[in-house]
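Listed below, chain by chain, are the residues.
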Amino acid sequence: DVIDISQVPKTGCWTYDPGFGSTAACESKITYIDGEKGILLHRGYPIEQLAEKSNYLETCYLLLHGELPVGTEKENFQKIINQHTMVNRSIEQFMSGFRYDAHPMAMLCGVVGAMSSFYHDSMDINDPEHRLITAHRLIAKMPTLAAMCHKHFIGQPYMYPDNSLSYSENFLHMMFGTPCEPSNINPVVAKAMDLLFLLHADHEQNASTSTVRLAGSSGANPFSCIAAGIAALWGPAHGGANQAVLEMLEQIGDEKHIDGFIKRAKDKDDPFRLMGFGHRVYKNFDPRAKVMKEACDAVLAELGIENDPLLKIAKRLEQIALEDEYFVAKKLYPNVDFYSGIIMKAIGIPTEMFTVIFATGRTVGWISHWNEMLSNPYRIGRPRQLYTGSPKRDYPG
Ligand code: ACO
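For the chain, the name recorded in an unreviewed UniProt entry is Citrate synthase, with Porticoccus litoralis as its organism. Its UniProt record gives the chain a comment under Catalytic activity (unreviewed entry), which states: "oxaloacetate + acetyl-CoA + H2O = citrate + CoA + H(+)". If you open the UniProt record of the chain and go to Sequence similarities (unreviewed entry), you find "Belongs to the citrate synthase family."

Right, dumping it as structure tokens:
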């Protein structure tokens, strides 16, 4: 009797689906997932093949345009992205206003939102050309902004982009300040970095992408829509899990404590969850996690750190969870965040930057979905609710 029947629409089907477990909010041609079989396709191409044969920027082109680049398209795309890697000088001043120890995700969210105040020349969201320029700007500037967040956090001067480097090399250069020759960047590390961006590029209607679509459906400025996506990504149940995995491994501290943590994860009265395990859609091995695991092994071998105590805990945890009755019955497999955190730690990226790197890779997915939505007829997103509050009553007196 607390449901206001007059609110129920006269047409269509009224559903109550907390967490949107069985609600499709849109049509999309970008990414296909079969969670039961562990399949992930971008524009029809399996993620495993893209990881092996493509690279991040080519995958960006594919997600944005729907087809792989042909002829000179790949080179031209690279050139266009290179043209946009710099950020306005005022962004540096904007960044300097953040507290010295602000979390890099807080800074990224703020600075990307602030970008909406810098670009007025291309803000007709109904013009496909303007939407494309916005996508190029975001793909190009995200590594620059991400690295600036890191430098501010550690109190070092910002590094300018070097467009003679590849996308991932350039990011590593701006992060670590290595001299500007590609030979100074370990190719295995640069390849792993590129793979990290590629494997995070898109994942259909996850919380952050749905947030970008919802914000965009009101006609809002795209930079502020992406800032909304960054905010949604930050939580530990979503992109923040990669940081949470490393913190959990540090908390476990020793292999002898693993059983205690597994016990806690299974205890219904304990809110603790094994970070990096489980996924809303995948009830099988996440195909990205499989690729990430292989890359992880290659990076650890290259850097000669297979015996790092945290990495040993991670391997043991993975093995136990894969055999444990509870995790098997609930189909809780290691997800992409489990291995990505280990790779990033191995290549020297500080934990606070993990989710920023996820956001950098995911930017193309967010902007591709925003662009797809605006390229087709759409309505403002407006979910309904089941009202469970007080019935109508009179104000006292
Ligand atoms: N550890 C222990 N138990 C778990 C875990 C976990 N990591 N994940 C799910 N469960 C249990 C739940 O307690 C629940 O048990 P119940 O059926 O007895 O109530 C059951 O498995 C189903 O869990 P839900 O929370 O209903 O699953 P949902 O689809 O809502 O959540 C999520 C998915 C958020 C990813 C969850 O598995 C989780 O919190 N994992 C840890 C955080 C994490 O790794 N997030 C990254 C996700 S991937 C990404 O964003 C890129």
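Asks: Help me understand the overall build of the chain in this model?
Replies: The helix and strand inventory of the chain stands at 17 helices and three strands. The C-alpha radius of gyration of the chain comes to 22 Å, within 12% of the 21 Å expected for a compact globule of 397 residues. In terms of overall dimensions, the chain has a C-alpha envelope of 75 × 60 × 50 Å along the principal axes. Burial statistics for the chain: of 397 residues in total, 42% are counted as buried. Taking all contacts inside the chain whose residues are at least 6 apart in sequence as the whole, residues at least 24 apart take part in 76%.

Asks: I tried to follow the UniProt feature "active site" (unreviewed entry) in the chain on my own but got confused; where do I start?
Replies: Those residues carrying the UniProt feature "active site" (unreviewed entry) are H279 and D337 in this numbering. In three dimensions, the annotated residues from a span of 59 residues occupy one location, with a maximal C-alpha spread of 10.4 Å. A count of 22 C-beta atoms within 10 Å places H279 in the buried class. Excluding anything up to four places from it in sequence, H279 contacts D286 and N335. The residue D337 is located in helix α16 (residues 336-346) in this model. Owing to 30 C-beta atoms within 10 Å, D337 belongs among the buried residues under this scheme. Sequence-distant contacts of D337, defined by excluding residues within four places in its chain, comprise A241, N242, V245 and G276.

Asks: What is the right way to read the pairing of strand β1 (residues 31-34) from this model?
Replies: Residue alternation in β1 divides its side chains into a buried set, T31 and I33, and an unburied set, Y32 and D34. In the sheet, β1 pairs with strand β2 (residues 39-42) via four bridges, with the strands oriented antiparallel. Bridged to D34 within β2 is I39. Where β1 folds back onto β2 in an antiparallel hairpin, the turn is made up of four residues, including G38, whose phi is positive at roughly 70 degrees.

Asks: Just checking my understanding: could you explain the confidence of the model for the chain for this structure?
Replies: Detailed reading of the predicted coordinates is not advisable wherever pLDDT is low. Chain-level statistics for the chain give a pLDDT mean of 92 and a share of 95% at 70 or above. Interface predicted TM-score (ipTM) for the complex: 0.94; the corresponding pTM is 0.92.

Asks: Whenever I open this one, the packing of helix α7 (residues 167-176) against helix α8 (residues 187-199) confuses me. Can you help?
Replies: For the pair α7 and α8, the least separation of the axes is 8 Å and the interaxial angle reads 105 degrees. Taken together, α7 and α8 sit at an angle that is classed as roughly perpendicular. On α8, the residues that touch Y167, S168, E169, F171 and L172 of α7 are V189, A190, M193, D194 and F197. Classifying every residue of the contact of α7 with α8 gives seven nonpolar, one polar and two charged.

Asks: Sorry, what's going on with the nonpolar core here?
Replies: Nonpolar side chains tend to gather and get buried jointly when the protein is soluble and globular. Grouped together as the largest cluster of nonpolar side chains are 106 residues, with contacts concentrated most on L108, V112, I226, I230 and I343. At 11 residues, helix α6 (residues 128-154) tops the list of elements feeding residues into this core. In this structure, V112 is in contact with L145, F223, I226, A227 and I230, ignoring residues within four places of it in sequence.

Asks: In this structure, what is going on with the sheet that holds β2? I would like to understand it.
Replies: What holds strands together in a sheet is hydrogen bonding between their backbones, with the strands either parallel or antiparallel. Read from one edge to the other, the open sheet built from three strands follows the order β1-β2-β3, with strand pairing classed as antiparallel. The outermost strands of the open sheet, each flanked by one partner alone, are β1 and β3 (45-46). Bridge count between β2 and β3: two bridges; the pairing is antiparallel. Opposite L41, over in β3, you have P46 as the bridge partner.

Asks: I'm lost on the site of the ligand in this one. Help?
Replies: Around the ligand sit 19 residues, and of these A241, R273, L274, G278 and R280 come closest. The residue inventory of the shell around the ligand, partitioned by class, reads eight nonpolar, seven polar and four charged.

Asks: Would you mind going over unusual backbone geometry with me for this structure?
Replies: Unusually for a residue other than glycine, R43 sits at a positive phi of about 50 degrees. Among the structural elements, R43 can be located in the loop between β2 and β3. A residue is classified by how many C-beta atoms lie within 10 Å of it, and R43, with 19 of them, is partly exposed. Phi is positive for K331, which is not a glycine, with a value near 55 degrees. Locating K331 in the fold gives a position in the loop between α15 (325-329) and α16. Here K331 falls in the partly exposed class, since 14 other C-beta atoms lie within 10 Å of it.

Analysis parameters
- Residues numbered from 1 in each chain as written.
- Predicted model: local features only at pLDDT ≥ 70, side-chain atom pairs only at ≥ 80, totals over all residues.
- UniProt positions renumbered as here; feature names shortened; annotations may be inferred.
- Helix = DSSP H or I, 4+ residues; strand = E, 2+ residues; numbered from the N terminus.
- Rg over C-alpha atoms; globule rule 2.2 N^0.38 Å.
- Buried ≥ 20, exposed ≤ 12 C-beta atoms within 10 Å, placed from the backbone.
- Contact = placed C-beta atoms within 7 Å.
- Pairing = 2+ DSSP bridges.
- pLDDT = per-residue confidence, 0-100.
- Axes fitted to C-alpha atoms, helices over the stretch in contact; angles between N-to-C directions.
- Parallel < 35°, antiparallel > 145°, perpendicular 65-115°, else oblique.
- Nonpolar A, V, L, I, M, F, W, Y, C, P; charged D, E, K, R; others polar.
- Core = buried A, V, L, I, M, F, W, Y, C linked by C-beta atoms within 7 Å.
- Near = placed C-beta within 6 Å.

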